[in-house]
Amino acid sequence: MNTHVYSRQSVLNERHRQLGTKFESSWNDMPIPQLYATDPYVETTTVRTSAGLFDVTALRLIDVSGRDALSALNEMLTSDITKIKPGTSALSNIVDDNGSLIDDVLIYCDGPDAYRISHGGGALEDVLPSIAAGREVHFRKDNDTHILSLQGPKALDILAPHTPMNLADLRYFEHRKTTLFGRDVSIARGGYSGERGYEVFCRAADAVFIWDSILDAGKPFGAMAVSWACLDIVRVEGGLLFFPYDMPEGDTTPWEVGVDWTVDLDKPSFRGKDALSRRRGQKRVAQVGIEIDHHEAIEPGAQIFKGGKQTGIVNSSTYSQHLMRSIALAHVEPAHKGFGTELEIRSDAGIFKARVVKTPFYDPLRLRTHPLSERSPR
């Protein structure tokens, strides 16, 4: 029996229990609905064809304010935060003095000297005291805000009639304060599904009402609440990395997981810059997607071989009923990263042939999240 007392709880827990979860997992010291009574593959089909509603409140939120907020963030993060304008957000990373990834974050700019950081299970909060030292900057944990993520091609149709903002004009990585069903919220365009979606940030006091209202509005479209098991499936199908599971070496660099675009070496200085410059040409592994000739998911940690020698490891995996194949995000030696490279997987279930393929596995051109109509200059 699990007797752990969690420091964080979602006010939606009773709704999750009604949907059948036994809170099989936890993350960031919050129990999460890993499974509902519904089949995760049915939930995945719903996300791909209509819309699924996730409770992702287990993400940690940090409010950043003060005259030195921008300089503090620029010192801590690998990307140039001056490029993030009010109402926009961007993915970034934190590395240690050795240039190794210790957390990934989504940074929102709400206005001059006003930012929010959303992060997962990494070491960001351990770094904050040293970053704040000598600066006029304030970091405040936000354990009240709840995050409801509606993901799928019908998400816009479901939400748009219930907010005064023109939701159709909100582009990927943009956010805006508004109301939804009459309650104060911030709505961001984004998510972790490989679909068009929206993340609704609301007060805990409003979360149950907004959750119920979204599901009621979504009934005519076939929308439903979906579990974290579904989230695991859709994010792997979308080729989306999850810290630290897709960085198993413990000292992985941004260069080795293909997030070079989050590193701006032109910034005057930031934590780990010198090490990142040095390690840029020292890639030990390459981030790849592989498809495996098996009818089930291969367990993370399974070894990858080429020519009888181990060349890599499986990090995140799933069986995609939507794509009808077993897929995985993996690390291999850089010499074996080319599309079509034939590999061998040695797993608990047996030995299987595999090959390197393009990612995302689902929607490889990212037309679902980045329609061509939105890619032209504004």
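Residues numbered from 1 in each chain as written. Predicted model: local features only at pLDDT ≥ 70, side-chain atom pairs only at ≥ 80, totals over all residues. Heavy atoms only, no water.

### Section: the sheet that holds strand β16 (residues 309-320)
Condition: Strand pairing follows a simple DSSP-based rule, namely that at least 2 bridges must link the two strands. To qualify as a helix, a DSSP run of H or I must reach at least 4 residues; to qualify as a strand, a run of E must reach at least 2; elements of each kind are numbered from the N terminus. To obtain each axis, a line is fitted to C-alpha atoms, and for helices this fit is confined to the stretch in contact; angles are then taken between N-to-C directions over 0 to 180 degrees. Any two residues whose heavy atoms approach within 4.5 Å at even a single point are treated as in contact.
Sheet architecture is closed into a barrel: 6 strands sit in the order β14-β17-β16-β15-β18-β19, paired in antiparallel fashion. Averaged over all neighbouring strand pairs, the angle between strand axes comes to 40°, with direction disregarded. Against the sheet, helix α7 (residues 228-237) engages β16 and β17 (325-332), with an angle of about 125° to β16.

### Re the UniProt feature "domain: Aminomethyltransferase C-terminal" (unreviewed entry) in the protein chain
Operational definition: UniProt positions are given in the numbering used here, feature names are shortened, and annotations may be inferred rather than shown by experiment.
When the UniProt feature table is mapped onto this chain, "domain: Aminomethyltransferase C-terminal" (unreviewed entry) is found at residues 287-363. Annotated as residues 287-363, this span is 0% helix and 57% strand, and its ends, taken at the C-alpha atoms, are 18 Å apart.

### What to know about the environment of T49
Spelled out, the test is: As used in this structure description, the phrase polar contact means that two N or O atoms lie within 3.5 Å; if the pair is within protein, one of them must be able to donate a hydrogen and the other to accept it, and residues adjacent in sequence are counted only when both atoms belong to side chains.
Mapped onto the elements of the fold, T49 is located in helix α2 (residues 40-49). Residues within four places of T49 in sequence aside, it is in contact with P153 and K154. A polar contact is formed between the side chain of T49 and the backbone oxygen of T45, at a distance of 2.7 Å.

### Some points on the pattern of salt bridges
As a reminder, the rule being used: Think of a salt bridge as a Lys or Arg side-chain nitrogen and an Asp or Glu carboxyl oxygen that are within 4 Å of each other. Residue exposure (1.4 Å probe, protein chains only): buried if accessible area is under 20% of the type maximum, exposed if over 50%, otherwise partly exposed.
Counting across every chain of the model gives 23 salt bridges. In this structure, D251 engages R284 in a salt bridge whose closest nitrogen and oxygen atoms are separated by 3.0 Å. Pair noted here: D251 is in the loop between α7 and α8 (273-279) and R284 is in the loop between α8 and β14 (286-292), with a separation of 33 residues, a long-range link. D251 sits in the partly exposed class, given a relative accessible area of 26%. Look at R284 and you get partly exposed, because its relative accessible area is 37%. With a closest N to O distance of 2.8 Å, R346 and E344 form a salt bridge. If you follow the salt bridges from partner to partner, you end up with E291, D293, R325, E342 and R355 in one network.

### Digging into a nonpolar patch on the surface
The condition that has to hold: Surface patches are drawn from residues lacking salt bridges whose relative accessible area is over 30%; two like charges belong together within 9 Å, two nonpolar side chains (Val, Leu, Ile, Met, Phe, Trp, Tyr) within 5 Å. Using a 1.4 Å probe, accessible areas were evaluated by the Shrake-Rupley method; residue-level cover was limited to the displayed protein chains.
A grouping of L365, L367 and L372 is seen on the molecular surface, where their side chains present a nonpolar patch of about 310 Å² in accessible area. For L367, the position within the fold is in the segment after β19 (350-357). Here L367 falls in the partly exposed class, since its relative accessible area comes to 37%.

### Digging into the side chain of K273
As a reminder of what qualifies: By the counting scheme adopted, Arg and Lys are positive, Glu and Asp are negative, and His together with the chain ends is not counted.
Here K273 is to be found in helix α8. For K273, which is buried and forms no salt bridge, the nearest opposite charge comes from D274, at a distance of 6.2 Å. Polar contacts involving the side chain of K273 include one to the main-chain carbonyl oxygen of L265, which spans 3.1 Å. A distance of 3.3 Å separates a polar side-chain atom of K273 from the backbone oxygen of P268.

### Brief notes about the packing of α2 against α7
Stated precisely, the cut-off is as follows: Oblique is the label for any angle not under 35 degrees, not over 145, and not in the 65 to 115 range, which are roughly parallel, roughly antiparallel and roughly perpendicular in turn. Whether a crossing is left-handed or right-handed is set by the direction in which the near helix is turned from the far one by less than a right angle, anticlockwise for left-handed and clockwise for right-handed. For this classification, the nonpolar set comprises Ala, Val, Leu, Ile, Met, Phe, Trp, Tyr, Cys and Pro, the charged set comprises Asp, Glu, Lys and Arg, and every other residue, Gly included, is treated as polar.
With their axes 9 Å apart at the nearest point, α2 and α7 run at an angle of 55° to one another. Here α7 runs oblique to α2, going by the angle between their axes. The two elements α2 and α7 meet at a crossing, and its hand is right-handed. Within the contact between the two elements, α2 uses P40, Y41, E43, T44, V47 and R48 and α7 uses A229, C230, I233, V234 and E237. Taken together, the residues of the contact of α2 with α7 break down into 7 nonpolar, 1 polar and 3 charged.

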